[in-house]
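For reference, the chains in residue letters:
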Amino acid sequence: MSYSFSLTYSHENENVPLEVYFDSNYTSNVSSMFCKVFAEGIKVLSDLSTYEARPILEKFVIYFITNKQELVELNPENGWGDYSSLYKLLCDMLEANYIASHKNAGAIWSVYN
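Report on the accompanying structure.

Secondary structure assignment for the protein yields 4 helices and 3 strands. Here the C-alpha atoms of the protein give a radius of gyration of 14 Å, agreeing with the 13 Å that 2.2 N^0.38 yields for 113 residues. If one aligns the C-alpha atoms of the protein with their principal axes, the spans along those axes are about 50 × 25 × 20 Å. Of the contacts made within the protein by residues no fewer than 6 positions apart, 69% connect residues no fewer than 24 positions apart. For the protein, the accessible area works out to roughly 6500 Å², and carbon and sulfur atoms hold 50% of it. For the protein, the distance from the average position of its 7 positive side-chain charges to the average position of its 14 negative side-chain charges is 6 Å.

Right, dumping it as structure tokens:
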């Protein structure tokens, strides 16, 4: 299983295509790392606007920076997912959130697995 992440904006006019600011997948083998930050894990972002998501994404990134060793120890034994690539994903998500918030305040996060 994996998580699917997207940050999109749907226009009221159906003739205007969906704007996609971020779209990615990542293995759910790293759920324990996400749950160190929030009990709900990364799903806490689902249905949030960029404004609402910013402090949450920042908290994930800061936690990953300050607790690297603890999180590295949670790397899945099967090799599917790891601290370094997950940290990069979170940084990419935060960057996309910043970009989308300046372009379109109505963009919404979706997270599901």
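There's plenty left to go through after this.
Tallying each qualifying case throughout the model produces 3 salt bridges. For Lys88, the salt bridge goes to Asp92, with nearest N and O atoms at 2.9 Å. Linking Lys88 with Asp92, this pair stays in helix α4 (residues 83-103), spanning 4 residues, or about one helical turn.

On to α4. For α4, which comprises 21 residues, the first-to-last C-alpha distance of 30 Å matches the rise-based estimate of 30 Å (1.5 Å per residue) to within 8%. The complete set of buried residues in α4 reads Tyr83, Leu86, Leu89, Leu90, Met93, Leu94, Ala96, Asn97 and Ala100. Buried residues in α4, looked at end-on, bunch into an arc of 165 degrees, giving them a common side. Exposed residues lying more than 90 degrees from the buried face of α4 are His102 and Lys103. Where α4 starts, the residue carrying a side-chain oxygen 3.0 Å from the main-chain nitrogen of Ser84 turns out to be Asp82.

Residues Phe5, Ile42, Leu45, Phe60 and Met93 are the most contacted members of the largest nonpolar core, which totals 34 residues. Put simply, the parts of the chain that give this core at least two residues each are β1 (2-9), β2 (19-27), α1 (31-37), α2 (50-66), α4 and β3 (108-112). It is α4 that provides the largest number of residues to this core, a total of 8 residues. Leaving out residues up to four positions away in the same chain, Leu45 has contacts with Ala53, Ile56, Leu57, Met93, Trp109 and Val111.

The rules we used
Residues numbered from 1 in each chain as written. Predicted model: local features only at pLDDT ≥ 70, side-chain atom pairs only at ≥ 80, totals over all residues. Heavy atoms only, no water. Helix = DSSP H or I, 4+ residues; strand = E, 2+ residues; numbered from the N terminus. Rg over C-alpha atoms; globule rule 2.2 N^0.38 Å. Contact = heavy atoms within 4.5 Å. Areas by Shrake-Rupley, 256 points an atom, 1.4 Å probe, with all protein chains shown as cover. Lys, Arg positive; Asp, Glu negative; His and termini not counted. Charge placed at Lys NZ, Arg CZ, Asp CG, Glu CD. Salt bridge = Lys/Arg side-chain N within 4 Å of Asp/Glu carboxyl O. Expected span 1.5 Å × (residues − 1). Buried < 20%, exposed > 50% of the residue type's maximum accessible area, 1.4 Å probe, protein only. Arc of directions from axis to C-beta. Polar contact = N/O pair within 3.5 Å; in protein donor to acceptor, adjacent residues only side chain to side chain. Core = buried A, V, L, I, M, F, W, Y, C linked by side-chain atoms within 4.5 Å.

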